[in-house]
Amino acid sequence: MDQAPYVSSPSDKSADAPVRQAGKKPIVTPMMAQFFEIKAVNPGYLLFYRMGDFYELFFEDAEIASGALGIVLTTRGKHLGKEIPMCGVPVHAAQDYLKKLIRLGHRVAICEQLEDPAEAKKRGSKSVVKRDVVRLVTPGTLTEDDLLPAGTNNFLGALSMISHGEFDFALAWADISTGETFVVDLGENRLADELARLNLAELILAPATEQKLGESKILPEGLVRHVAMAAPETFDSEEATASLKSAFPQIEVTGFTRAARSALGALIAYVAETQKTASISLRAPEVQTATGLMQIDLATRTSLEILATNRGEAKGSLRHTIDRTVTTAGARLLARRLSAPLIVPDHINKRLDMVETFVADTIARETLREHLRQTPDLTRPLTRLALERGGPRDLVHVGFAINSARQLAEKLAGMDDLPAGLVELAQVLDAAPGELAVRIKSAIEPSPSVLVRDGGFVREGFDAELDEQRGLATKSRTVISELQAALASQTDIRALKIKHNRVLGFFVEVPATHGKKLLDEPFLNKFIHRQTMANAMRFTTAELGELEGRIVRAQGRALEIEQVIFDRLLGQVL
DNA sequence: ACAGCTTCGGGGACCT
DNA sequence: AGGTCCCCTAAGCTGT
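Residues numbered from 1 in each chain as written. Chains lettered and ligands numbered in written order. Predicted model: local features only at pLDDT ≥ 70, side-chain atom pairs only at ≥ 80, totals over all residues. Heavy atoms only, no water.

### Overview of the side chain of Arg135
- If you trace the backbone, Arg135 turns up in strand E6 (residues 131-137).
- Apart from residues lying up to four places away in sequence, Arg135 is in contact with Val108, Ala109, Ile110, Thr141, Leu142, Thr143, Glu144, Thr274, Gln275, Lys276 and Arg389. (Helix = DSSP H or I, 4+ residues; strand = E, 2+ residues; numbered from the N terminus. Contact = heavy atoms within 4.5 Å.)

### Regarding the confidence of the model for chain A
- Of all residues in chain A, 94% attain a pLDDT of 70 or more, and the chain-wide mean is 85.
- For chain A, the element scoring lowest by mean pLDDT is helix H1 (residues 11-14), at 36; strand E10 (residues 202-205) scores highest, at 95.
- Per-residue pLDDT stays below 50 along residues 1-26; that stretch engages in 45 contacts with residues further than four places along the chain or on separate chains. (pLDDT = per-residue confidence, 0-100.)

### Digging into the protein's contact with DNA strand B
- The environment of DNA strand B is made up of 15 residues, and the closest members are Thr29, Met31, Arg76, Pro117 and Val129.
- Among all atoms of DNA strand B positioned within 4 Å of the protein, those belonging to sugar or phosphate total 92%.
- Note that a phosphate oxygen of DNA strand B is positioned 2.3 Å from one of the side-chain N or O atoms of Thr29.
- A distance of 3.4 Å is found between a phosphate oxygen of DNA strand B and a backbone nitrogen or oxygen belonging to Met31.
- Broken down by element, the residue count for the surface near DNA strand B peaks at three residues, all from helix H2 (residues 30-40). (Near = heavy atom within 4 Å. Polar contact = N/O pair within 3.5 Å; in protein donor to acceptor, adjacent residues only side chain to side chain.)

### Describing the pairing of strand E9 (residues 180-187)
- Most of E9 is tucked away: six of the eight residues are buried.
- Examined bridge by bridge, strand E8 (residues 166-175) and E9 share eight bridges and lie antiparallel to one another. Paired with Asp168 across the two strands is Gly187, which belongs to E9.
- Two successive antiparallel strands, E8 and E9, enclose a turn made up of four residues, where Gly179 displays a positive phi of approximately 85°.
- Of the strand pairs in this sheet, E9 and strand E12 (residues 286-287) are connected by two bridges, and their pairing is parallel. (Buried < 20%, exposed > 50% of the residue type's maximum accessible area, 1.4 Å probe, protein only. Pairing = 2+ DSSP bridges.)

### Some remarks on a nonpolar patch on the surface
- Together, Leu352, Val355 and Val359 give the surface a local cluster of nonpolar side chains, amounting to about 270 Å² of exposed area.
- The residue Val359 is located in helix H13 (residues 345-360) in this model. (Patch = residues over 30% accessible without salt bridge, like charges linked within 9 Å, V, L, I, M, F, W, Y side chains within 5 Å. Areas by Shrake-Rupley, 256 points an atom, 1.4 Å probe, with all protein chains shown as cover. Salt bridge = Lys/Arg side-chain N within 4 Å of Asp/Glu carboxyl O.)

### Looking at the packing of helix H15 (residues 379-386) against helix H16 (residues 392-413)
- Interaxial distance between H15 and H16 falls to 9 Å at its minimum, and their mutual angle equals 135°. Taken as axis vectors, H15 and H16 run oblique relative to one another. Remark: the crossing between H15 and H16 carries left-handed chirality. Judged by residue contacts, Pro381, Leu382, Arg384 and Leu385 of H15 engage Asp394, Leu395, His397 and Val398 from H16. (Axes fitted to C-alpha atoms, helices over the stretch in contact; angles between N-to-C directions. Parallel < 35°, antiparallel > 145°, perpendicular 65-115°, else oblique. Left-handed = near helix turned anticlockwise from the far one by under 90°.)

### A word on unusual backbone geometry
- In this structure, Phe59 takes a positive phi of about 50° despite not being glycine.
- In this structure Phe59 comes out as buried when scored by relative accessible area, which is 12%.

### A word on the pairing of E6
- Counting buried positions over the seven residues of E6 gives five, a clear majority of the element.
- With six bridges joining them, strand E5 (residues 108-113) and E6 adopt antiparallel strand pairing. The residue bridging Glu112 from the neighbouring strand is Asp132, located in E6.

### Some points on the sheet that holds strand E1 (residues 46-51)
- If you walk across this open sheet you meet the six strands as E3-E4-E2-E1-E5-E6, and the pairing is mixed. Edge strands, defined here as strands with exactly one partner in the open sheet, are strand E3 (74-79) and E6. Each strand axis lies, on average, 35° off the axis of its neighbour in the sheet, ignoring direction.
- Of the strand pairs in this sheet, E1 and strand E2 (residues 54-58) are connected by three bridges, and their pairing is antiparallel. The residue of E2 that forms the bridge with Tyr49 is Glu56.

### With respect to the packing of aromatic side chains
- Counted according to the given criterion, the structure contains eleven aromatic pairs.
- When the ring of Phe35 is compared with that of Phe58, the centres are 5.1 Å apart and the planes differ by 85°; the resulting orientation is edge-to-face. Residue Phe35 is located in helix H2, and its partner Phe58 is located in strand E2; the two are separated by 23 residues in the primary sequence.
- By relative accessible area, which is 1% here, Phe58 ends up buried. (Phe/Tyr/Trp six-rings, centres within 6.5 Å; stacked < 30°, edge-to-face > 60°.)

Structure (structure tokens):
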């Protein structure tokens, strides 16, 4: 079994070390005290500690991450007389690094600044900004598209064990990027087969279960990619039942066995712990009865090469060979069905009737395939939106998906001799909330930014004040180009240009040969020197500063309005 | 294409 | 206590 790398942190020893030595200056700086405190409650995670524009890693975390990511290992300050190893990544580029670390099997705790630095200053000049972990990123709890595999589910599982002479097991699993949740009761003999079928990204175990599995060698090496050790209480049937009840108030918990409740409870607790404040959105668990699906033992599964070849490659597997799906959701469904074939004749016939319809009707098949090809994945955008990690593009995809579902329903309904399965499907699809799609379409640009904070995603004409603010920003830009002409003629420098970059904002640039002129009367007071380059000099003026301020304010207000519009639509989606 | 500087936002050391 | 100066990743400029 491949254990996730465990990071033993220096915090274990130092967390409660005295901050001051009697009469001497502090030996642990306030920031390090905060770091150790946060580190101590998240053992086993690399701590991404937010400092301004960077996520910083310290001590062993820094050594591990710098090696794994190929970034520079440096130092920052001292702790107990020794230099503190540090490495860091800029926040805007953190996603790529996070992806690499997760791929390598590391687990990462994201620690953010929870207040404005000005607030901290108010508490005293030596206080540090309040920080805490907002999310734990593990292989089984990903929601970001570029961290997730496209064509397969990313399953997180929890295995419970109940001993009464013999051992009863239950396995609960969920894809938190889609919300699908399942549970099954298992005997010891079927454990390996079931885990092989599901190919979990991460499995949660209580220490006793891990020990038992290790001793009895029930599971072959490498079957479980990453193990997360959970506190035994989360599997405890009372606590588990409580978390189950609060996660799914609508379902009857007594319908599950004790082992199933235990596994589900631990799964829910783990999701809640890793997602912190973000609301979890798992769907009601579906009980997988062993009777409806074919049991395939591990050896058979491996030699059938259903999802992967014996060597573990996708290429050459059954799935890879026959997969003609056109959507990622379709690819995931195909993988699931191939892994667990039906065995009940009625179910098989119902599915075959649906297949037959499309085998016979080439035109309908091609029309629907073409239609599906243009349908975005709905489940993952929805989950991101629910976890407050979604953006305008997710909203648009939800709208597209709704329209697409309704059109699909229409196309199905227009076909003759529809089998029962497809009639049911058409009904489900037709129930999609079309009005919501209309609202999204009327408010949001067809291909908007991914992030809300980038702005510019609300359509022109949707909100009068937004249009007005955008107009102000545009108008100020026109004024700036007029200003350039005016300044060029006033100074008699034809090469005078007004430019913009992220550092200086708007500035006046003149060739070096003319620069000196602006440093003297009569321009001395008007042009404020900012930068001298090899071939040019850069200045700002009060007027330019004011225009820039106007643009910045208008853009800021516009963004606020867009945020409100986004939040309102988000409320209607969820 | 590439070297070298600057940026971001914090914390800390060392002053008064 | 408060002010000033210095420091530090990766990345993105600027200048050659």
